[in-house]
Amino acid sequence: MINTLLNPIIIYWDLSPVETDDALNGRICDELLKARIFVLNLRDTSGKISGASMDILARLQGKQLKINLTVMAGCLEDGALEDLLQRDNVRIYIEFNSMEELSASADMMTKLKEAGLNAGLSFYLSRDNWKDLPAVTSFCGQNHIKELKLPIRRAGDGTFYFSQEETMRVSGELEAIDMSNVKMTIHDPFLWELFHGKANPNEEGCNAARTMMYIDGNYDLSPCPIMPVIIGSLRDSSLHELFVSKQRKKVRKDLSVTPLDCTICSKSLLCKGGCRGRTFIVHQTLNYQDPACPFNLTGTN
């Protein structure tokens, strides 16, 4: 039996910094509420807090919906940020892409905290900045930043994962850092294990198209930010129509099957194939081992 919810409970929504449709944004907000979505992870990649973000937040203000808004580091100088940080149902995360960028913004982060305004930090891991991860983690602990999020990569940015040598290097550096007062949000199962030294006991396998779905800047709906499979376009269909579509059900059915590569591994009962979106980007199929998996099951990766 395939365990698929009628509606997902978490929606990721990236706003385009170039083009946005206010009328369509309003319709999507109404449909999110009608579908009783629990959590909206809104990401604004503009250099400032966009009018689209402000309009969406205004439409959803006072509703039974938790909102996590991620904005870019440049928004620290945006006057609207302080207002947003005082709202009860909106949690703000500032996204940084390097330790250099974070260091340059340290004074602004301190001023916000001194004013009683606490923003979380989001660090978008990539091949260019992975060496900064221990320093970013240490910065959060030393500066009393309570939350550090390592967000799901977007499919359009390609894949990134640690080699075994890189894992050992980062793991060794993290061991010396006190992270006891920092709440970590980590979606990648192998990255979670890197920080905690063990597999996540609450791991459920891939939840793409089940508990979560993703709206990209072009209003295409996908199972997950990192899975480049389009369920349909919100320009042409409603959220409800796409939630109950054959395409979503097919994706969920495919994801419920453990990859053939992993059937010989006892750990697959917990991880169920790891990040399936990453696998799809690399292999154009779901029936392979996650390339980030530290266990070389096939002898070919």
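First, a word on what this report is: a plain description of the structure on this page.

Each value, and the rule that gives it
Residues numbered from 1 in each chain as written. Predicted model: local features only at pLDDT ≥ 70, side-chain atom pairs only at ≥ 80, totals over all residues. Heavy atoms only, no water. Pairing = 2+ DSSP bridges. Helix = DSSP H or I, 4+ residues; strand = E, 2+ residues; numbered from the N terminus. Contact = heavy atoms within 4.5 Å. Axes fitted to C-alpha atoms, helices over the stretch in contact; angles between N-to-C directions. Phe/Tyr/Trp six-rings, centres within 6.5 Å; stacked < 30°, edge-to-face > 60°. Buried < 20%, exposed > 50% of the residue type's maximum accessible area, 1.4 Å probe, protein only. Lys NZ or Arg CZ within 6 Å of the ring centre and 35° of its normal. Disulfide = S-S within 2.5 Å. Salt bridge = Lys/Arg side-chain N within 4 Å of Asp/Glu carboxyl O. Expected span 1.5 Å × (residues − 1). Polar contact = N/O pair within 3.5 Å; in protein donor to acceptor, adjacent residues only side chain to side chain. Core = buried A, V, L, I, M, F, W, Y, C linked by side-chain atoms within 4.5 Å. Left-handed = near helix turned anticlockwise from the far one by under 90°.

Quick notes on the sheet that holds strand E10 (residues 232–233)
Sheet strands pair via backbone hydrogen bonds, and the direction of the pair is either parallel or antiparallel.
Reasoning step 1: If you trace the ten strands from one edge of the open sheet to the other, you get E7-E6-E5-E4-E3-E2-E1-E8-E9-E10, paired in mixed fashion. Each of the sheet's edge strands pairs with one partner strand only, and the pair in question is strand E7 (183–186) and E10.
Reasoning step 2: Across six bridges, the pairing between strand E2 (residues 39–44) and strand E3 (residues 66–72) is parallel. Residue pairing for E3: Leu 40 is matched across the bridge by Ile 67.
Reasoning step 3: Each of strand E1 (10–15), E2 and strand E8 (212–215) is contacted by helix H1 (residues 22–34), which is oriented at about 170 degrees to E1, the strand it contacts most.

So, the packing of aromatic side chains
Within a pair of aromatic rings, the relevant descriptors are the distance that separates the centres and the angle that separates the planes.
Reasoning step 1: Tallied over the entire structure, the rule returns two aromatic pairs.
Reasoning step 2: Ring geometry for Trp 130 and Phe 162: centres 5.8 Å apart, planes at 80 degrees, overall edge-to-face. Of the two residues, Trp 130 is situated in the loop between strand E5 (120–123) and helix H6 (133–142) and Phe 162 in the loop between strand E6 (147–150) and helix H7 (164–174); the sequence distance between them amounts to 32 residues. Each of the two residues, Trp 130 as well as Phe 162, counts as buried.
Reasoning step 3: Ring centres of Phe 160 and Phe 162 lie 5.3 Å apart, and the angle between their planes is 75 degrees; on these two criteria the pair is classed as edge-to-face.
Reasoning step 4: By relative accessible area, Phe 162 is classed as buried at 12%.
Reasoning step 5: We note Arg 91 situated over the ring of Tyr 93; from NZ or CZ to the ring centre the distance is 5.7 Å.

Quick look at the state of the cysteines
Reasoning step 1: Scanning the model with the defined rule gives zero disulfides in all.
Reasoning step 2: Note on Cys 275: no disulfide assigned, nearest cysteine sulfur contributed by Cys 224 at a separation of 6.3 Å.
Reasoning step 3: Here Cys 293 is not disulfide-linked; the sulfur of Cys 271 is the nearest cysteine sulfur, at 6.1 Å.
Reasoning step 4: A residue is classified by how much of its surface remains accessible, and Cys 293, at 15% relative accessible area, is buried.

Some details on the pattern of salt bridges
Reasoning step 1: The full count for this structure, using the stated rule, is eleven salt bridges.
Reasoning step 2: Of the charged contacts, one joins Arg 278 and Asp 188 as a salt bridge, the two residues approaching to 2.5 Å between their closest N and O atoms. In this pair, Arg 278 is assigned in helix H12 (residues 276–283) and Asp 188 in the loop between E7 and helix H8 (189–196), connecting sequence segments 90 residues apart.
Reasoning step 3: For Arg 278, a relative accessible area of 2% puts it in the buried group.

Considerations on H1
Reasoning step 1: Over its 13 residues, H1 runs 19 Å from end to end, which matches the ideal 18 Å to within 8%, given 1.5 Å per residue.
Reasoning step 2: Among all positions of H1, only Leu 24, Asn 25, Gly 26, Ile 28, Cys 29, Glu 31 and Leu 32 are buried.
Reasoning step 3: Capping the start of H1 is the job of one residue whose side-chain oxygen sits 3.1 Å from the backbone nitrogen of Ala 23: Asp 21.
Reasoning step 4: Immediately downstream of H1, the backbone of Arg 36 shows phi near 60 degrees, a positive value.

Considerations on the nonpolar core
The tendency in soluble globular proteins is for nonpolar side chains to be buried as a group.
Reasoning step 1: With 86 residues, the main nonpolar core has Trp 13, Ile 94 and Leu 150 as its most contacted residues.
Reasoning step 2: Not counting residues up to four positions away in its chain, the partners in contact with Ile 94 are Val 71, Met 72, Ala 73, Leu 76, Leu 81, Met 109, Ala 119, Gly 120, Leu 121 and Ser 122.

A look at the environment of Ser 103
Reasoning step 1: Relative to the helices and strands, Ser 103 resides in helix H4 (residues 99–104).
Reasoning step 2: Here the alpha-carbon distance between Ser 103 and Cys 75, two residues 28 residues apart in the chain, equals 15 Å.

A look at the packing of H1 against helix H2 (residues 51–60)
Reasoning step 1: It is at 10 Å that the axes of H1 and H2 come closest, and there the two elements cross at 35 degrees. As for the relative orientation of H1 and H2, their crossing is right-handed in sense. Contacts between H1 and H2 involve Asp 22, Asn 25, Gly 26, Cys 29, Asp 30 and Leu 33 on the former and, on the latter, Ala 52, Asp 55, Ile 56, Arg 59 and Leu 60.

A few points about unusual backbone geometry
Reasoning step 1: Phi at Arg 36 is positive, roughly 60 degrees, even though this residue is not glycine.
Reasoning step 2: Mapped onto the elements, Arg 36 comes out in the loop between H1 and E2.
Reasoning step 3: On the accessibility criterion, Arg 36 (68% relative accessible area) is exposed.
Reasoning step 4: Even without glycine at this site, Tyr 219 takes up a positive phi of about 70 degrees.
Reasoning step 5: Locating Tyr 219 in the fold gives a position in the loop between E8 and strand E9 (220–222).

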